[in-house]
Amino acid sequence: MNKPTEPNIIKACIAMSISLEVAKLSPDERKGVGATVFRTKTGRISSYSFNSKPHYSKNYTSCVNLKTGMSQEDLGHAEIKAIVLGGLKQAILPKKESISVTSAPCVRCGGIIALAQMNHVYYLDPHDELEGVRVLKEDYGIECTDLTPWREYIDSLSEHAKLTIASMGVPQ
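Residues numbered from 1 in each chain as written. Predicted model: local features only at pLDDT ≥ 70, side-chain atom pairs only at ≥ 80, totals over all residues. Heavy atoms only, no water.

A. Highlighting the overall build of the chain. In terms of helices and strands, the chain carries 6 helices and 5 strands. In the chain, the succession of α and β elements from N to C terminus is α-β-β-α-β-α-β-α-β-α-α. Put simply, the chain has 172 residues, and 51% of those count as buried. Excluding contacts between residues fewer than 6 apart, the proportion of contacts in the chain whose partners are at least 24 apart in sequence is 64%. Surface accessibility of the chain: about 8800 Å² in total, with carbon and sulfur atoms responsible for 56%. (Helix = DSSP H or I, 4+ residues; strand = E, 2+ residues; numbered from the N terminus. Buried < 20%, exposed > 50% of the residue type's maximum accessible area, 1.4 Å probe, protein only. Contact = heavy atoms within 4.5 Å. Areas by Shrake-Rupley, 256 points an atom, 1.4 Å probe, with all protein chains shown as cover.)

B. Highlighting helix 4 (residues 131-140). When helix 4 is considered as a whole, its buried residues turn out to be Gly132, Val133, Val135 and Leu136. In a view along the axis of helix 4, the buried residues occupy a sector of 160°, so they form one face of it. On its buried face, helix 4 is in contact with helix 3 (107-115), strand 4 (120-125) and strand 5 (143-146). Glycine 141 occupies a position one or two residues after helix 4 and carries a positive phi of about 65°. (Arc of directions from axis to C-beta.)

C. Inspection of the nonpolar core at higher detail. Core analysis: the largest hydrophobic core is formed by 20 residues, its most contacted members being Cys13, Ile18, Leu147 and Ile154. Elements supplying a minimum of two residues to this core: helix 1 (7-23), strand 2 (45-50), strand 4, helix 5 (151-155) and helix 6 (158-168). Sequence-distant contacts of isoleucine 18, that is, excluding residues within four places in its chain, are made with Thr36, Ile45, Tyr48, Ala161, Thr164 and Ile165. Counting residues in hydrophobic clusters, the runner-up holds 18 residues, among them Ile99, Ile113, Ala114 and Tyr123. (Core = buried A, V, L, I, M, F, W, Y, C linked by side-chain atoms within 4.5 Å.)

D. Just helix 1, in detail. The terminal C-alpha atoms of helix 1 lie 24 Å apart, and with 17 residues this matches the ideal 24 Å at 1.5 Å per residue to within 8%. Across the 17 residues that make up helix 1, a large majority, 13, are buried. The opening residue of helix 1, the one whose side-chain oxygen lies 3.2 Å from the backbone nitrogen of asparagine 8, is glutamate 6. (Expected span 1.5 Å × (residues − 1). Polar contact = N/O pair within 3.5 Å; in protein donor to acceptor, adjacent residues only side chain to side chain.)

E. How the structure looks around the environment of proline 105. Turning to its location among the elements, proline 105 is positioned in the loop between strand 3 (97-103) and helix 3. According to the relative accessible area criterion, proline 105 is buried, its value standing at 0%. A C-alpha to C-alpha distance of 7.8 Å links proline 105 and tyrosine 123, two positions 18 residues apart in sequence. Ignoring sequence-local partners within four residues, the contact set of proline 105 consists of Glu79, Gly110, Ile113, Val121, Gly132, Val133 and Leu136.

F. Region of interest: the sheet that holds strand 3. The strand order across the open sheet formed by 5 strands is 2-1-3-4-5, and the pairing between neighbours is mixed. The open sheet has two free edges, formed respectively by strand 2 and strand 5, since each of these has just one partner strand. Adjacent strand axes in the sheet meet at a mean angle of 15°, parallel and antiparallel pairs treated alike. (Pairing = 2+ DSSP bridges. Axes fitted to C-alpha atoms, helices over the stretch in contact; angles between N-to-C directions.)

G. Layout of the packing of helix 1 against helix 6. Viewed as axis vectors pointing N to C, helix 1 and helix 6 meet at an angle of 70°, and their least axial separation amounts to 8 Å. Put simply, helix 1 runs roughly perpendicular to helix 6. Counting all contacts with helix 1, which are made through Ile14, Ser17, Ile18, Glu21 and Val22, the residues of helix 6 involved are Ser158, His160, Ala161, Lys162, Thr164 and Ile165. Class assignment of the residues belonging to the contact of helix 1 with helix 6 gives a composition of 5 nonpolar, 4 polar and 2 charged. (Parallel < 35°, antiparallel > 145°, perpendicular 65-115°, else oblique. Nonpolar A, V, L, I, M, F, W, Y, C, P; charged D, E, K, R; others polar.)

Below you can see the structure in the form of structure tokens.
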């Protein structure tokens, strides 16, 4: 197993294990996505959530597809929900925090991540050919790291993630 040695990567892997667990709660049959917002310095978890179908919607939707330009706006993206929940808990935007997402952010979520002044995005699976990651890096100067090399280590943390979720509560 490839275990990380850099402290921020270790914190990100722990957060990613939580993201993977909450992604399992997503009602989106197409692809469950989980996101966890955490303090960059301490690794303290601020919030987490999964993509979902809003109460007012009857249809699952997808992100903006850059090739076709098609989008439907009513999907609750995991990143947006986790940032909003973190902001509500702190009564401010979660500045100077990091976010781990089970799928690389789409362009729309990238904009919200930049607005929230996140300082680092950690992700696993590519999305829309990493266009959201490109925008975050090039347009906003936000660091983005693919945690795929540490996937086995992240998976080994699943029991820890389940305990954290049980102690903090199931996300909305």
